[in-house]
Each structure stands twice: as structure tokens, then as C-alpha cells.
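Remarks on the overall topology
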There are 4 protein chains.
Amino acid sequence: MAQTDTVTRILDTAEVLFAERGFAETSLRNITSKAKVNLAAVNYHFGSKKSLIQAVFARYLDPFTERFHAALDELEAEYQGRDIPLETLLESMARTVLEVPAERNSLKVFMRLLGLAYSQAQGHLRRYIQEHYGSVFTRFTELVRRATPELPDAERFWRLHFVLGSVIFTLSGLDALRDIAEQDYGEQVTVRDLIRRMRPVVVSAMHAPLPEPAESVA
Amino acid sequence: MAQTDTVTRILDTAEVLFAERGFAETSLRNITSKAKVNLAAVNYHFGSKKSLIQAVFARYLDPFTERFHAALDELEAEYQGRDIPLETLLESMARTVLEVPAERNSLKVFMRLLGLAYSQAQGHLRRYIQEHYGSVFTRFTELVRRATPELPDAERFWRLHFVLGSVIFTLSGLDALRDIAEQDYGEQVTVRDLIRRMRPVVVSAMHAPLPEPAESVA
Amino acid sequence: MAQTDTVTRILDTAEVLFAERGFAETSLRNITSKAKVNLAAVNYHFGSKKSLIQAVFARYLDPFTERFHAALDELEAEYQGRDIPLETLLESMARTVLEVPAERNSLKVFMRLLGLAYSQAQGHLRRYIQEHYGSVFTRFTELVRRATPELPDAERFWRLHFVLGSVIFTLSGLDALRDIAEQDYGEQVTVRDLIRRMRPVVVSAMHAPLPEPAESVA
Amino acid sequence: MAQTDTVTRILDTAEVLFAERGFAETSLRNITSKAKVNLAAVNYHFGSKKSLIQAVFARYLDPFTERFHAALDELEAEYQGRDIPLETLLESMARTVLEVPAERNSLKVFMRLLGLAYSQAQGHLRRYIQEHYGSVFTRFTELVRRATPELPDAERFWRLHFVLGSVIFTLSGLDALRDIAEQDYGEQVTVRDLIRRMRPVVVSAMHAPLPEPAESVA
DNA sequence: GATGAATGAGGTTTCATTCAT
DNA sequence: AATGAATGAAACCTCATTCAT
């Protein structure tokens, strides 16, 4: 009881502060004082700041991975060896991404964290994510490959990263952009809205015509 | 001479380190020791770390703004009031973005910096960029608006940011991605290749069908 | 059973770590984690780190004291009031020192601990040893006094400490020295060898001519 | 001026506290607060606590090494290739050891430090001393070899370490021993007295008869 | 009898900045 | 114009110990 409480309070506070300011700009003091927890508690429960950062991610990515694997299992069962259409795959991923943080009302935080994982140095984090969650991404990539046989492998690789960039960039910089959008267009945008907007863009991007071949001289 | 030298050495070193590790993770000591410059020199020449960060950006964004304004001037003169096609506008922007750092062989650094400007907290930086360089972007946005009359304003706003995200994300993480691509597909990708590949994707993205309207209940 | 086990495991681990690194450099965490024992167990069973240190010494010094008293009893019985020769006294001490740790194969540890007791601050330890084991040493010293009537008391005091220093220093640093000796002279030295080598040196040292008197001006 | 002052104050304070309590038991806060110097000054001037410890030793050992080399140069010149007698060599070393700290009235501190260097873990310190000052010791050892041709090499090696142990042990534990001696024998002992007392003991120890050969079975 | 959780004190180090020269 | 010295704040982490269970 007491433990769960402390550990959870630390994680809850940490993820919010990390999302707001980044890792380096958030000190353990910031976290523990806001969480009303002893300063040493972080090191006691997590061992180090690095491990805390990883734990914050794990709390999202563990259930995400599990559910996404399950969702892909279902799809594969449903399609019985036939190729799953790209739209369905993307749909399934989007749904899972939305599901996990929905239970804690922290979708925005999760998105910011994903953005930080990419943009902040934190080599240890990149390694941790790669090690622990690389396999789902690999599985997903392979299914995408079979859904888009017309694309050369390299082309597909790059397009997936274009799309990934779009999503992570937009969602992680969401707050600032949302402010501007609200000010300029009077719209109040939710993450759900954004995902709805992204769908056709992403699909079009993946299906765009192949580029003209490179010129002979670079 | 000696001063110019010092200032330039600081800027050259700072931009590389910032791009590699981020702002908070790069200390003035890191910079000055690598630049072989006195520790106090940063504060002496720039006043503070914040100002140094801004100066690093200004060195790219000042010439960029100037040239991009000039390029748009040319286009407007050429089209004499008629709408400039989206492809042409994007083309022009891409060319200018490539031109500026090309002279110092630092495209990657420039892109990483742009990425950091987006993703790192540094409120002061966002404000600085907005204040000093907001006008070019506004001008460009307005021209895009006239090139895509079929898009609702808000939709265009978001799509531009999707695209921006793609570009910055891909180019700023270029090194890592390039390694993977080379390993997996035996391709040696140049920045020019990437831009060539991006063109159809970006155009398709901008021209994607409108999303289905939001459901009534969020 | 469980308790005995825990206490013993703590003592076994603590003495090794203390001997290797010293008292201050060995944390209770080091000990308990290596001993696979709960962190609080040390405080629970021993009360404090200081008491643990004392307990580690007691485990060697209690049997040592007992046996040494017994050995001196025997000698006094054998010599029936006549002075016991210095060589015999030293011999007896050496034998007892070797006997106690021999049962646990920990002579080196014992010697290192004695060295630490001398050189590390730990006032409490010096006091503890003095209080609990001072009497054997006093008894031994008195016998030595009668064996070397030609030496002034102060001279004898210092010489005993010179010798003690030799022994503890050599035996506590044994591993490093043995490595050098083996490398340089191709000798594999056992503790018994060393004791054999020390005997004539110690005897000569104790019987050395008196120093010339101090000069008038320090 | 200001710098010299701060650096010197730190070194002066550090060596006293180290000598009194040992390295681990002396915190940088202890040092800087007693030296009335900013806490960060140690890291500014020395880089780390380890480097400070090394600097404290260097301040004694650098002049010691220099003078001892000079003294041996003189002796070699005087003896013109003939072997220098053991007594003379030891005499020369003792004189040099006394000379260096005499100028700062800190012989006792120097001795404690030497003792600590041996008994405290501090692997870095042992390595530092070995690297920087090993050569003088090697030179001295070689001269001792020629002064005691009757000793087998291994025997000489061990005897030198017996003697070293005597000296370091006694001198570094001096304070406690001195208290006892004063209480028991009413003597006030100076380091000079001790050295005077040690001389005949050391000489006798080195010239002790060879031990009886080892028994056939170890 | 034993333990996981928690704590307050204090450790070393790094930081951006300022100051006297 | 430029710099070496110095500083106060704050960073992360480890410590021995205590407490509730």
C-alpha cells in the first residue's frame, strides 16, 4: 500500500514533468518535492534517474506492446495468411496507441514522451526501447511489407520514417501548435481529431507515386 | 581578429555539440574546452548561455530568411499575381533550406537544430524564433493558402506541420537512419536522394482527400 | 537457525570486505547485498555499524585471547618461576596467532584486520580492543620484560612495536608482496616460510645494541 | 596571489585532516569549511578528491625524490664505484625523509600520510605513487643489494619489507603509541628520537643470520 | 524474528555566472 | 579585449538508520 503509493506517485509526477520540460530540465528534486515524497525515494525504488526514465516509458510501452501483439494476432487470425491491408494495419496501430493512455487520461503525456525519446540525447533510453520493444516494431514492419508489395524495400523504409516523423513531431509538439491553431482558426483540437486528420494524409503518403529515378550524377 | 576568431570558434563548436546532445546536456565547459577558448568567453561575448543558443540559430536563420524572401520575391514577380503552384513553392523552400548550410557543409547540424527548436523546452528559443523569423513563415503560408484553395485553413495548417515534421525528423536523424538503410538495403543515400524521394510523398500528403468529419462525441 | 545463519553470513562477508577495502569504504549495503541478507539485518542483529566492526574483531580475538592465556599458563607452569626465554615467548605467540584463523583459512584477513585496527581512525575500535584484550598483551609484555632485563623499559616498548609493525605489515600486505616475490625471484612463499624468515630477524632486532643517547638539542 | 593562497590553504588543511582521520573520513566539506574556502574550489583547482589526495602526496614526494636522488648522487660520487655501506645508505635516506617536512614542521603529518598510503584502499593512490616515485626506490634497492652481497636476493627483498613495515607502522601510528609511552614511561618522544632508536634495530635486522632452511615438506 | 519501505543527512561533482585584473 | 580565479546553487547519489508490519 505504502509502497505502491510512493512508486506510483513518483511515476505520475515524473511523467508529467518530463513531458513538460524534458529529462535534463527535470531534476529529481522537482519530482520528489512535487510528489511529496522523500528525495531519496527515487533512488531507493528505481536506482537512478536513468532507470526512472525507463520505468516511466515501460509503464506505457509494456501494455502497449502486449495489446498490439494481441491486436496483430487477431488480424492475422482473421486474414488467415492473406495480406492485411495497409489501412487496417495503421488503423489497428492507431487504436492501440490511443487505448493505453486513455485509461489514465494521459494521451498527451504519452505523445510528448515518445517525442522526447527521439529528440533528446539519452542514448540509454534509445537502447532500452530498442531492446525491449524492438520486436513489435519489426513484426509490424513485416506486415506492412506484405501490404505494400508494389513498394521497393528501401522506398518503404523511408516512407515509414517520413510518416513516423510526421506523427511523432506533430503529436509531441502538440501543445504549442494547438495554441496557434486555436488562436488563428478558433479550433480546439484534441488528439483524436489530429489522428482523424492524419489518416488520409498518411495513407496518401504511403501510396504516393514512386519518385523519378536519381540522376546519373549526384 | 582575435575576437572574431573566438566568437566564430565558439559558434562552430556550440552548434555541433548542441546538435549532438541537446542544449541542457551541453555545458559551457564542454563548448569552451573543445573550442580551446576561455570558459568566461561565452559570457563575455554572448552574455549568457541563452543568448549563445539564439546566436547559433541566428547564424543560420538570418541568411535563410533573407534568401527565402528573395526567392519568393522572384516567384511573385514571375507569376505576376497569379497563384504560384504548390510544387513550385515547396521546391523553392527546399532549395533555400539546402543552400544555406551547404556553404558550411552542415545541413545535418542545421536540421538537428531545427528539430531541437521544436522539441526541447527552451521557451525563450521558441519566442526568439517566432519574433525574428515568424514573418517569412507567415508570408510563405499565405502563398501556400492561395495555392491550395480547396483546403480549409485549419486543415492546411496541420498538413503543413505534418510535412514539416517529416522533413525535420528524417533529416535530423539522418545519420542513424542512413546507417540502417545502408546495412539493410545496401543503399548509400545522399541528402539529394532523400529530397527526391520526399517530393512525391509530400505532394500526395498535401493533396490527400479531406478526412471524414469528427464524430459528434469526443 | 535462520538467525545464526544470518549473523554468520554477515560476519563472514563483513570481514572479507573490511579487509579488502577498509571500514569506511565498505557500506552496509555492500555487506548485506553480498551476503544476500536484508539491509536492515545488520542494524537488527548488531545495532550499528560500529558494533558490527567490533563483532568482527571479537570473533578472532576472543579465541585468540583464550588460547594465548592457556599457552602462557603452560609455559609458566613449565618454567616454574624462572624467566621464559624471549625466543620461546615469541614462538608461542606466533603459534597462537597462526592457530586461530587457520581453522577458517583466513590468516590473511585476520592480519589485514589487525593492520586496519592500527591505521584507521576508528577511535571506538581502538578503545574496544584496549578494553577487552589489553590484559593479555599486558601479561605478555611483562613476561618479555623478564626475558630481556638488559633493555630499558621504554626501549623494550618501542622494539616490541617495531616488531609488531613488521609482522602485521608484511602479513597483511602479503598477497601483493608475494606476487612481486614470485615474479622477481621465482619463489612461491607460504606463510610458514615467512614466519621462518622472520624469526632470526625479529630476534636480532630485539637484541640489537642500545642506541646512542639523544643529542642535547632536539 | 589569490590562487596560490587558495590552493595552499586547501593543501595545508587537507593534509592535516587526512592525517588525522583518513581519506574517506574526511569530506571535501570538512576541508573547505576549515580552510575557509568555497566548496567548489577543490574541484576547480584539483578536479576531484582523488587528485587532491595525489597533490597532497606530491607536495612531499616531489622534493623528497629530488633530494634523495641528489643525496645518492653525492654518495656515489664519494664512493667512486665502491659499494656504499648499508648504514650510510640508511642514514642518507633517514636524513632526507626528515629534511623535507622539517621546513613546514609537518614530519608527523608526512609519516601518517605514508602510513595511510599503505593501509587505506585507495588503489589510485598506490598506482600514482608507484608510477611517479617508483624509480627512486628502485635505485635505492639496487644500492642496498650491492651493500649486502651476503644476502640472497629473496631474503633481502623480504627483510627490506620487514623494515619498511616497522618504520611505516610505528611512525604512522605514532600518536597513539606516543600517548601510551608517555603515560607508562614518562617519556616525551619526538620523531627524531624514534629514528635514533630505530637505527640499531634496523641494522641488526638486516644483518641477522640467515634462517634455517625450509623443511622438506611445506 | 525479520524485512521492505522510507528517511534525513551528507557525500562529490558540475553548472552558469561574476569578478578582479 | 580577454582571462584565470572564484563562487553559490543545485545536480545526482549513497549513507546508516528507523519504523511499521
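My aim in this report is to walk through the structure given alongside it, one point at a time. Quick caveat: nothing in here was measured; it's all calculated off a predicted structure.

**Overview of the relation of the copies chain A and chain B**
Expressed as a screw operation, the relation of chain A to chain B combines 0.3 Å of axial shift with a rotation of 178 degrees, fitting to an RMSD of 0.8 Å. Such values leave the two copies arranged in the relation of a two-fold axis. No C-alpha of chain A approaches the rotation axis more nearly than that of S166 of chain A, which lies at 1.9 Å. Counting the interface residues of chain A, we find that 94% of their copies in chain B are interface residues as well, pointing to one common contact surface.

**Re the relation of the copies chain D and chain C**
Of the transformation superimposing chain D on chain C, the axial component is 0.3 Å and the angular component is 179 degrees, with the fit at an RMSD of 0.8 Å. Comparing interface residues between copies, 94% of those in chain D also sit at the interface in chain C, which points to an isologous, same-surface contact.

**Notes on helix α10 (residues 191-206) of chain A**
Residue and element names in this part refer to chain A. Its 16 residues give α10 an end-to-end C-alpha distance of 22 Å, which sits within 8% of 22 Å, the value for a rise of 1.5 Å per residue. Of all the bends in α10, the greatest, near 30 degrees, is centred on M198, and the proline P200 appears no more than four residues after it. Across the 16 residues of α10, 14 count as buried, placing the element largely inside the fold.

**Comments concerning the environment of H207 of chain B**
All names here are of chain B. When you line up the elements, H207 lands in the segment after α10 (191-206). Assessed through its relative accessible area of 40%, H207 is described here as partly exposed. Placed 69 residues apart in sequence, H207 and T138 show a C-alpha to C-alpha distance of 21 Å. Sequence-distant contacts of H207, that is, excluding residues within four places in its chain, are made with L86, E87, E150 and R159.

**Thoughts on the interface of chain D and chain C**
Contacts between the two partners involve 51 residues from chain D, matched on the other side by 52 residues from chain C. Between chain D and chain C the total buried area reaches about 4,400 Å² when both faces are included, carbon and sulfur atoms providing 70% of it. Area buried by chain D at its contact with chain C is led by W158, F162 and F169 of chain D, which between them contribute 18% of it. Counting every contact that joins chain D to chain C gives two salt bridges. We note a salt bridge from E155 of chain D to R197 of chain C, for which the minimum N-O separation is 2.7 Å. Taken together, the links from chain D to chain C amount to seven residue pairs in polar contact (both at pLDDT 80 or more). Mapped onto the side of chain D that touches chain C, the elements with two or more residues apiece are α1 (2-21), α6 (107-119), α8 (153-172), α9 (174-185) and α10 (191-206) of chain D.

About the thresholds
- Residues numbered from 1 in each chain as written.
- Chains lettered and ligands numbered in written order.
- Predicted model: local features only at pLDDT ≥ 70, side-chain atom pairs only at ≥ 80, totals over all residues.
- Heavy atoms only, no water.
- Least-squares fit on C-alpha atoms with pLDDT ≥ 70 in both.
- Contact = heavy atoms within 4.5 Å.
- Helix = DSSP H or I, 4+ residues; strand = E, 2+ residues; numbered from the N terminus.
- Expected span 1.5 Å × (residues − 1).
- Bend = angle between axes of the 7 residues up to and from the residue.
- Buried < 20%, exposed > 50% of the residue type's maximum accessible area, 1.4 Å probe, protein only.
- Buried area = accessible area lost by both parts, 1.4 Å probe.
- Salt bridge = Lys/Arg side-chain N within 4 Å of Asp/Glu carboxyl O.
- Polar contact = N/O pair within 3.5 Å; in protein donor to acceptor, adjacent residues only side chain to side chain.

Scope: geometric values only; no functional claims are made or implied.
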